[in-house]
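The residues making up each chain are set out below.
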Amino acid sequence: MTENGKFETSGGVKNATEFYDELSEDYVDMINFLERVETEKKIFEKVISDYNIKKCLDAGCGVGLHSIIVSKLGVDVVGIDISQMMIEKARELAQTFNSSAKFEVLDFSQIKERYKEEFDLVLCIGNTLPHLLNEKELLLALRNFYNALKRNGILIVQILNYDRIVENEERIINVRETPAKIFVRFYDFEPTIIGSPSLKVFEIRKDFLKFNVLVIDKTKNYSHKLITTRIKPIKSDELCRKIQMVGFKKLDVFGNLEGGAFEPKSSKNIVVFANKI
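What you see is a predicted model, and the numbers here were worked out from it, not measured in a lab. (Residues numbered from 1 in each chain as written. Predicted model: local features only at pLDDT ≥ 70, side-chain atom pairs only at ≥ 80, totals over all residues. Heavy atoms only, no water.)

Before going further, it helps to spend a moment on unusual backbone geometry. The phi torsion at Asn32 lies on the positive side, around 60°, for a residue other than glycine. With respect to the helices, strands and loops of the structure, Asn32 is situated in the loop between helix H1 (16–30) and helix H2 (33–39). (Helix = DSSP H or I, 4+ residues; strand = E, 2+ residues; numbered from the N terminus.)

Here we come to the pattern of salt bridges. Applying the stated rule across the entire model yields 21 salt bridges. For the salt bridge of Glu22 with Lys14, the shortest nitrogen-to-oxygen distance reads 3.2 Å. The closest approach of N and O atoms between Glu135 and Lys242, which form a salt bridge, is 3.3 Å. Placement of Glu135 in helix H7 (residues 135–148) and of Lys242 in helix H9 (residues 236–245) is noted, with a sequence separation of 107 residues between them. Residue classification places Glu135 among the partly exposed positions, given a relative accessible area of 45%. Each of Glu25, Asp26, Lys181 and Lys225 takes part in salt bridges that share partners, so that together they form one network. (Salt bridge = Lys/Arg side-chain N within 4 Å of Asp/Glu carboxyl O. Buried < 20%, exposed > 50% of the residue type's maximum accessible area, 1.4 Å probe, protein only.)

Here the focus is the packing of aromatic side chains. Inspection of the entire model under this criterion finds 11 aromatic pairs. Each ring, one from Tyr146 and one from Phe248, has its centre 4.9 Å from the other, and the planes form 90°; the classification is edge-to-face. Highlighted residues: Tyr146 in helix H7 and Phe248 in the loop between H9 and strand S11 (250–254), separated in sequence by 102 residues. Among the aromatic side chains, those forming a connected cluster through ring pairs are Phe19, Tyr20, Tyr27, Tyr162, Tyr187 and Phe211. Across from the ring centre of Tyr146, 4.6 Å away, lies the NZ or CZ of Lys276, which sits over that ring. (Phe/Tyr/Trp six-rings, centres within 6.5 Å; stacked < 30°, edge-to-face > 60°. Lys NZ or Arg CZ within 6 Å of the ring centre and 35° of its normal.)

Another aspect to go through is the nonpolar core. Phe108, Leu129 and Phe145 are the most contacted members of the largest nonpolar core, which totals 86 residues. In contact with Leu129, other than residues within four places in its own chain, are Phe108, Cys124, Leu138, Leu142, Phe145, Val157, Ile159, Ile234 and Leu239. (Core = buried A, V, L, I, M, F, W, Y, C linked by side-chain atoms within 4.5 Å. Contact = heavy atoms within 4.5 Å.)

Read across the sheet, seven strands follow the order S4-S3-S2-S5-S6-S12-S11 without closing on themselves; strand pairing throughout is mixed. The open sheet terminates on both sides in strands that have one partner only, identified here as strand S4 (102–105) and S11. Within the sheet, the average angular offset between the axes of one strand and its neighbour, ignoring direction, is 15°. Pairing between strand S2 (residues 55–59) and strand S3 (residues 76–81): five bridges, direction parallel. By the bridge assignment for S3, Asp58 is matched with Gly79. (Pairing = 2+ DSSP bridges. Axes fitted to C-alpha atoms, helices over the stretch in contact; angles between N-to-C directions.)

In this section: the environment of Ser99. Within the secondary structure layout, Ser99 lies in the loop between helix H5 (84–96) and S4. Look at Ser99 and you get buried, because its relative accessible area is 13%. The sequence separation of Ser99 and Ser71 amounts to 28 residues, and the corresponding C-alpha distance is 6.2 Å. Polar side-chain contacts of Ser99 include one of 3.1 Å to the backbone nitrogen of Ala101. (Polar contact = N/O pair within 3.5 Å; in protein donor to acceptor, adjacent residues only side chain to side chain.)

Its 14 residues give H7 an end-to-end C-alpha distance of 20 Å, which sits within 8% of 20 Å, the value for a rise of 1.5 Å per residue. Among all positions in H7, only Leu138, Leu139, Ala141, Leu142, Asn144, Phe145, Tyr146 and Ala148 are buried. As for H7, its buried residues are in contact with S2, helix H6 (111–114), strand S5 (119–124), strand S6 (149–160) and H9. N-cap assignment for H7: the residue whose side-chain oxygen lies 3.2 Å from the backbone N of Lys136 is Asn134. (Expected span 1.5 Å × (residues − 1).)

On to the environment of Glu170, then. Relative to the assigned elements, Glu170 resides in the loop between helix H8 (162–168) and strand S7 (172–177). Taking the C-alpha atoms as reference, Glu170 lies 9.2 Å from Asp188; in sequence the two are 18 residues apart. Other than its neighbours up to four places away in sequence, Glu170 contacts Arg164, Ile165, Tyr187 and Phe189. Within polar-contact distance, the side chain of Glu170 engages the side chain of Arg164 at 2.8 Å. Engagement of the side chain of Glu170 in a polar contact is seen with the side chain of Asn168, the distance being 3.2 Å.

And the structure:
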C-alpha cells in the first residue's frame with residue numbers, strides 16, 4: 001500500500017476504473033438490468049413523491065439503471081461514474097429506454113467543481129462507497145454529496161451489510177446464470193497485521209477485501225475470466241458516523257430500499273436516508 005493509503009495495483013488486481021471498464025460489457029446481464037428497470041420503479045415512485053424530488057444526482061451510476069428509472073418518473077437526472085466504458089453503456093441504454101438522463105465521467109472528488117446546492121436527491125446505490133480505500137476519500141465524497149444537495153435535500157446510500165459479511169467471513173456474494181453466461185461475485189479476505197508478530201503484540205484486522213467477479217461463458221466451452229479489485233468494507237456504525245461528520249443531521253437506517261428494518265446479523269444491505277437540514 002502506498003503512503004496515502006491507496007493500493008498499487010499488481011498481480012491482476014485492478015483499480016476501480018479498470019475493473020468496471022472491463023466488466024462493462026457484461027454488467028447489464030450480471031445485474032439483471034432489464035427486469036430491475038420494472039421491479040424497482042415502485043421504490044423510487046415513493047421516494048420521489050415523499051420528498052418532492054425534481055432533480056437527482058446518481059453518484060456511481062454504472063450503466064445507468066437507477067438514473068433511467070428515476071428519469072422515466074419525471075425527474076431531471078445526472079449520472080456520474082469513473083468508468084468511461086460504463087458511461088458509454090449508460091448512454092446507449094438511455095437511448096434504448098427513451099430516457100432523458102444525462103451522463104458524464106466524473107470522480108467523486110470532482111463533484112464540488114461542477115455542482116453546488118443543485119439537487120433534491122443524491123443517490124449512491126450499488127455498493128459504491130467501499131471502492132473508496134481510505135477515510136479521506138470517503139469523507140470527501142460524502143462532503144461533496146452534502147454540498148451538491150439543496151437545503152432539505154436527501155442522500156440515499158446503499159452498501160452491502162458488512163457487519164454480517166465481515167463477522168461471518170462470507171465469501172460468495174451472488175451467483176447469477178443467464179442462457180449464455182454464469183456470473184459469480186465473491187470475496188477474498190485479506191488480513192492486515194497491525195503491530196509486531198515477533199513480539200507477540202499484534203492485531204489481525206480485516207480492513208480490505210478482494211472483490212472478484214468470475215465470468216463463465218457457456219457458449220465458448222465454459223471459458224472464463226476473473227476480474228479483481230480491492231474494496232474497504234464499511235460497517236453500519238462507521239457509515240452513519242461519517243455521514244453525520246460531513247453535516248447531515250437526520251439519519252434513518254434500513255435493511256433495504258423498501259424501508260425494511262436493519263438487522264446487523266441478517267440484513268443483506270445497509271441503506272441510509274440522510275437529510276440535509
